[in-house]
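# Residue-level structure breakdown
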Amino acid sequence: MSTSTKSKRASVLMQLRSFLSQFSKQQQEISGPGKVMEESPPQPPTIAVLGAGIGGLALAIGLIKRGIPVTVYEAADAFSTIGAGIGLGPNSLTAIDLIDSRFREKYNDAKTANEKPEFEHSVFDALYAEHGFGEKRGWTRGLIGAPYFTRSSAHRKDLLEIMQSFIPPGTVKFGKRARSVEEKGGRVVVTFVDGEVVTVDSLIACDGVKGITRKLVLGDNSPEQVAPTYCGMYIYRGIIPMDKAKEVLGTHAGDAKWFMMKEKGVAIYPISKGKEENFVFFVTDRKPWTQGDSPIPCTKEEMIEDLKDFDPRLIKLLDWAKPLRWPTWHHPKTSTYYKGRVCLLGDVAHASSPHQAAGAGQGLEDAVVLSHLLPLVESPDQLEVAFKVYDSIRRPRAQKVVTTSYEAGIIYTWLDPEIGDDMNKIVENANQRLHWIWQHDLKGDMASAENEFKRLTSEKRNGTPISSNSVKAGPVMEAKELAAPAS
């Protein structure tokens, strides 16, 4: 090739490069920085939920309502009805309304209120468990509640049926017990006992108080927090038909009551539209629980021996209780609710003792915040930002519920060193301790979450590194350390 020909070819190439450069600049002016031509819209991350309990289903409902596809994997072969009665306070009712207004409407059709008008605004009536329920002392009533509070509860079965009605067929995969969960290459790999392996962009773990995901999230940095803590209390539970409850308890049936004694007690409340009464006996246990995860069999005689000082009417309820001792567990310390692309929700994050009837509500609140955040995520690299924001908003409040619920249990079993068995002080304390739970501004949480997510993702786009300290955390929780019940 001659020198002249080479020169002409080089000139043509330079002109072509110049043309392409000018074309690129014009496209950038039209489409914005970094864009040469029309891009396809970003694909939303793939999301899986592990566990089809109240929290997992609530999140699924919230995401589906907002057009976000999700698959729920459940270990059991069907929805579980264990737990019987679930009480929902004002914050919980607000939560189900925010998840899907149809949820609230259907709950209103299925809920059970206290039977008598004088107990409409009472979460429970505090009475003595001794013979006569305290009447010999002149004690006839100890109402706990507020004028803005209207007590309601539902059978777990009824609540799950309502939630199922909002879940499209095929969304929940049953019989899927997870063997392992791990992160690989920025994605989450779930291996199930049946051999199936699922890979997703994110996993929302709702696998319960002893879920395997807790170890993945906390095992490296806080291994001492992985296992749940025994609350030092086991329970007996059952459901009695309302007509039988009225034969046994007379006028005390049909409304939420809490019968108290040192180291023991029993809570009763109506469910199933007033057709049944749920009851739960609490027994303080000073020994470590070393008998596994499941309830352990006992005899009816052992149950009666535990409750021998109770009024005979209360002991009669045991005729409708399975002879099982159920251990109670909680997570008093959880230093984070997420790691990478795995995020904890509900009991696996913040299992609580039942003494403020607030555990299910906290799972519903989790679902509100997370179902509001995840639709804002445009690409998988934003997931961790969403989880940081969720953690900063939900963890301080949920952990405070855990610790204060434990404190309430100490008080209601007369083991608090300052209050003791003074029922007037117990009622006064109970009437003060629940307002911060019931009156919480969930809409404010949603707004704060959205604003913080947008701020952090904007900083990330602009090249500002996001550290854990850059997230505006919720209020600092100050709660006294948990201790074994006093002697």
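Residues numbered from 1 in each chain as written. Predicted model: local features only at pLDDT ≥ 70, side-chain atom pairs only at ≥ 80, totals over all residues. Heavy atoms only, no water.

## A closer look at the nonpolar core
- With 77 residues, the main nonpolar core has Ile204, Leu370 and Leu374 as its most contacted residues.
- Of all the elements, helix H12 (residues 383-412) adds the most residues to this core, at eight residues.
- Contact partners of Leu370, with chain neighbours within four places excluded, come to Leu59, Ile204, Cys343, Leu345, Pro375, Phe387 and Tyr390.
- Counting 65 residues, the second-largest nonpolar core is a separate cluster that includes Tyr234, Ile235, Met303 and Met423. (Core = buried A, V, L, I, M, F, W, Y, C linked by side-chain atoms within 4.5 Å. Buried < 20%, exposed > 50% of the residue type's maximum accessible area, 1.4 Å probe, protein only. Helix = DSSP H or I, 4+ residues; strand = E, 2+ residues; numbered from the N terminus. Contact = heavy atoms within 4.5 Å.)

## Looking at the confidence of the model for the protein
- Confidence in the prediction of the protein, expressed as mean pLDDT, is 89, and 86% of residues score 70 or more.
- Across residues 3-37, where pLDDT falls below 50, the model places nine contacts with residues more than four positions away in sequence or in other chains.
- A low-confidence stretch, residues 473-487 stays under pLDDT 50, and its non-local contacts, those more than four residues away or across chains, total 26 contacts. (pLDDT = per-residue confidence, 0-100.)

## Observations concerning the packing of helix H3 (residues 90-99) against helix H11 (residues 359-373)
- Close contact between H3 and H11 brings their axes to 9 Å; oriented N to C, the two are set at 30°. Of the two elements, H3 crosses H11, and the hand of that crossing is left-handed. Counted together, Asn91, Ser92, Ala95, Ile96, Leu98 and Ile99 of H3 and Gly361, Gln362, Leu364, Glu365, Ala367 and Val368 of H11 form the full contact between these two elements.
- Of the residues in the contact of H3 with H11, the class split is seven nonpolar, four polar and one charged. (Axes fitted to C-alpha atoms, helices over the stretch in contact; angles between N-to-C directions. Left-handed = near helix turned anticlockwise from the far one by under 90°. Nonpolar A, V, L, I, M, F, W, Y, C, P; charged D, E, K, R; others polar.)

## What about the pattern of salt bridges?
- By the definition in use, this model includes 26 salt bridges.
- In this structure, Glu365 and Arg397 form a salt bridge, with 2.7 Å as the shortest nitrogen-oxygen distance. Taken as a pair, Glu365 in helix H11 and Arg397 in helix H12 lie far apart in primary sequence, 32 residues in all.
- You can call Arg397 buried: its relative accessible area is 7%.
- Connected through salt bridges with shared partners, the residues Glu115, Lys116, Lys246 and Asp255 form a single ionic network. (Salt bridge = Lys/Arg side-chain N within 4 Å of Asp/Glu carboxyl O.)

## Focus: helix H15 (residues 442-461)
- In this model H15 runs 29 Å from its N-terminal to its C-terminal C-alpha over 20 residues, within 8% of the 28 Å that 1.5 Å per residue would give.
- Of all the residues in H15, the buried ones are Leu442, Asp445, Met446, Ala449, Glu452, Phe453, Leu456 and Thr457. Down the axis of H15, the buried set is contained in an arc of 140°. They therefore lie on one face. Of the exposed residues in H15, those oriented more than 90 degrees away from the buried face are Lys443 and Asn451. (Expected span 1.5 Å × (residues − 1). Arc of directions from axis to C-beta.)

## Here's the deal with the pairing of strand E14 (residues 257-261)
- The buried fraction of E14 is high, at five of five residues.
- On E14, burial covers both faces: Lys257, Phe259 and Met261 on one face and Trp258 and Met260 on the other are all buried.
- Where strand E5 (residues 122-128) meets E14, four bridges bridge the pair, whose relative direction is parallel. Residue pairing for E14: Asp125 is matched across the bridge by Lys257. (Pairing = 2+ DSSP bridges.)

## What about the environment of Ala154?
- You can see Ala154 is positioned in strand E7 (residues 152-155).
- Leave out the neighbours within four places in its chain, and Ala154 touches Ala84, Gly85, Ile86, Tyr107 and Ile271.

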